[in-house]
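One letter stands for each residue in the lines below.
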Amino acid sequence: MELTKYQSQMLNGDFGKGKAMAIKILVAIGESFGANRLVPIKRAHISLSAQGADRWFSEKMNKAGATFAVKPTVNPGYSLSYFNNKDILTEDDIDNMQRVHNAYKNMGAIMTYSCTPYLFANVPKYGDIVAFSETSVTIYANSVVGARTNRESSFSSMCSAITGFTPEYGFLLDENRYGDTLVRVEADLESDFDYSILGLICGEKVNGIPIFDGIKKNPSTEAHINLGTNLNVTGSHTIYHILGYTPEAKNLEMAMGNKKIKEEIVITNEDIKDFKDKIKPKEKIDFIMFGCPHYTFEQINNVLEMARSKKPKVPIWILTSQALIKLLEDMDLRKELEAYNISLVPNTCIDEERVWKDLKGKNGLSDSPKCSYYMSTFNVKINVLDAKECMEIASEGGDF
Ligand code: F3S
């Protein structure tokens, strides 16, 4: 790889041990993927997880004197103030989260604890080169915004934030962003949840980069979040195109560039219905969990409106950022939500077994297949339905 004079000095340790370690890792990644150079990034987002490896690496870089050249936002961990209860958090849990927080904060991160950074605090523009980790974040930035990022790990995005550079390969290059699998959508996609189902079906079926053709109306922000997230629940995807709606797919020629369509897939209303029937829950549920990825203002307001018309009779948790909760407090909406037994959980990820251990063996319901997948790894069963149906069942006390 060819490095600039500034990058070579960084590698030689002229700007400290932390920056030297970070650029060494990026050079190794670049060389293994055949990159010729390191290019500057405009933004970074790190999938902080507060798990062992994350604590080890962030503390290592902090101790080595690293600071962020490009201040990154961070993914949720678990909120020490919300779970402020000895029955939930042990001394070790408190120490762990505090140490991770300190390491990132000391290096200069923007402590957003949100997995939808592209909605606030870290909003990229079309064409920006960024280093984003978190699968639902990278696919949104690439597909919906037209920014350019590889599917970074928390470590590689941290190294990019520390140095200000990323190796130029993969999804930073035009030729790797074109679609090669045509998905003819004959289904009506009536709700945002239908985009989750489309994502789940295509995540598995599509081996290349999907170009969705036939979607009749401009998908909402939440529909895009659902589609991208769920393409990565059943598969492994970094970008998708929707003809007429996403910025690199104004038409088929633009979306496929110099590639050939190697496969065509048709998705009908029946496919969507069959998939929903297959996952339909059958047992009584004990609680509802929304917000994986973190819920938007519109989604929270939607839940509140449904609660107003039919009072929920099981506890409901909604995961979102502290910043959004502050807004809801200022609007007196948090109090109202809590009156319906709906708790707003700040800055927390559903994949944090330490804080959800009381739910083990219980039967939950969510509109998020990703929530279901992660919570099943620590023995919490989450069934999946559209938020509207979840709220109907909640109003029946968990019965179907
Ligand atoms: Fe966000 Fe954690 Fe789900 S980072 S997308 S709440 S797994």
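Residues numbered from 1 in each chain as written. Predicted model: local features only at pLDDT ≥ 70, side-chain atom pairs only at ≥ 80, totals over all residues. Heavy atoms only, no water.

Chemist: Any details on helix H2 (residues 17–32)? Residues and values, ideally.
Modeler: In this model H2 runs 23 Å from its N-terminal to its C-terminal C-alpha over 16 residues, within 8% of the 22 Å that 1.5 Å per residue would give. For H2, the full list of buried residues reads Gly-18, Lys-19, Ala-20, Ala-22, Ile-23, Leu-26, Val-27, Ile-29 and Gly-30. For H2, the secondary structure elements touched by its buried residues are helix H1 (5–11), strand S1 (38–40), helix H3 (52–63), helix H6 (154–163) and strand S5 (165–167). Once H2 ends, the next one or two residues include Gly-34, with phi positive near 75°. (Helix = DSSP H or I, 4+ residues; strand = E, 2+ residues; numbered from the N terminus. Expected span 1.5 Å × (residues − 1). Buried < 20%, exposed > 50% of the residue type's maximum accessible area, 1.4 Å probe, protein only. Contact = heavy atoms within 4.5 Å.)

Chemist: Tell me about empty space enclosed by the protein, residues and numbers included.
Modeler: Over the atoms rolls a probe the size of a water molecule, and its path tells where empty space is left. Across all of its chains, the model carries 1 cavity of 30 Å³ or more by this definition. As for the largest cavity, its lining consists of Ala-187, Asp-188, Leu-189, Tyr-195, Ile-215, Lys-216 and Lys-217. Tallied by class, the residues present in the lining of the largest cavity amount to 4 nonpolar, no polar and 3 charged. (1 Å grid on protein atoms, 1.4 Å probe; cavity = no way out; pocket = protein on both sides within 12 Å on 5 of 7 lines; lining within 4 Å. Points joined across faces, edges and corners; volume = space filled by probe spheres on them. Nonpolar A, V, L, I, M, F, W, Y, C, P; charged D, E, K, R; others polar.)

Chemist: Describe the site of the ligand, with residues and values.
Modeler: Taken together, Asn-75, Pro-76, Cys-115, Glu-134, Cys-292, Pro-293, Cys-349, Ile-350, Lys-370 and Tyr-374 make up the full set of residues near the ligand. Each of domain 1 (5–172) and domain 3 (280–395) contributes no fewer than three residues to the shell around the ligand. (Near = heavy atom within 4 Å. Domains from an automatic or database assignment.)

Chemist: Lay out the sheet that holds strand S2 (residues 43–46) with the relevant residues and their values.
Modeler: Pairing is parallel across the open sheet formed by 3 strands, whose spatial order is S3-S2-S4. With partners counted over all chains shown, the strands left at the sheet margins are strand S3 (73–74) and strand S4 (130–132), one partner each. The pairing of S2 with S4 spans 3 bridges and is parallel. Looking across to S4, one finds that His-45 is bridged to Phe-132. Across the face of the sheet, H6 comes into contact with S2 and S4 while running at roughly 145° to S2. (Pairing = 2+ DSSP bridges. Axes fitted to C-alpha atoms, helices over the stretch in contact; angles between N-to-C directions.)

Chemist: I'd like a rundown of the packing of aromatic side chains, residues and numbers included.
Modeler: Under the defined criterion, the tally for this structure stands at 13 aromatic pairs. Consider the rings of Trp-56 and Phe-57, whose centres lie 6.1 Å apart with planes at 45°: the pair is tilted. (Phe/Tyr/Trp six-rings, centres within 6.5 Å; stacked < 30°, edge-to-face > 60°.)

Chemist: Tell me about the domain arrangement of the protein, and name the residues and values.
Modeler: Taken domain by domain, the protein holds domain 1 (5–172), domain 2 (177–277) and domain 3 (280–395). Residue-level contacts link 25 residues of domain 1 with 21 residues of domain 3. In this assembly, domain 1 packs against domain 3 so that about 1800 Å² is buried in total across both faces, 54% of it on carbon and sulfur atoms. Run the count over domain 1 and domain 3 and you get 4 salt bridges. A salt bridge links Lys-370 to Glu-134; its shortest N-O distance comes to 2.8 Å. Connecting domain 1 to domain 3 are 9 residue pairs in polar contact (both at pLDDT 80 or more). For the side of domain 1 that touches domain 3, the secondary-structure elements that each account for two or more residues are helix H4 (91–107) and helix H5 (135–145). When residues of the side of domain 1 that touches domain 3 are assigned to their parent elements, the largest contribution, 3 residues, is made by H4. For the side of domain 1 that touches domain 3, the residue count by class is 11 nonpolar, 10 polar and 4 charged. (Buried area = accessible area lost by both parts, 1.4 Å probe. Salt bridge = Lys/Arg side-chain N within 4 Å of Asp/Glu carboxyl O. Polar contact = N/O pair within 3.5 Å; in protein donor to acceptor, adjacent residues only side chain to side chain.)

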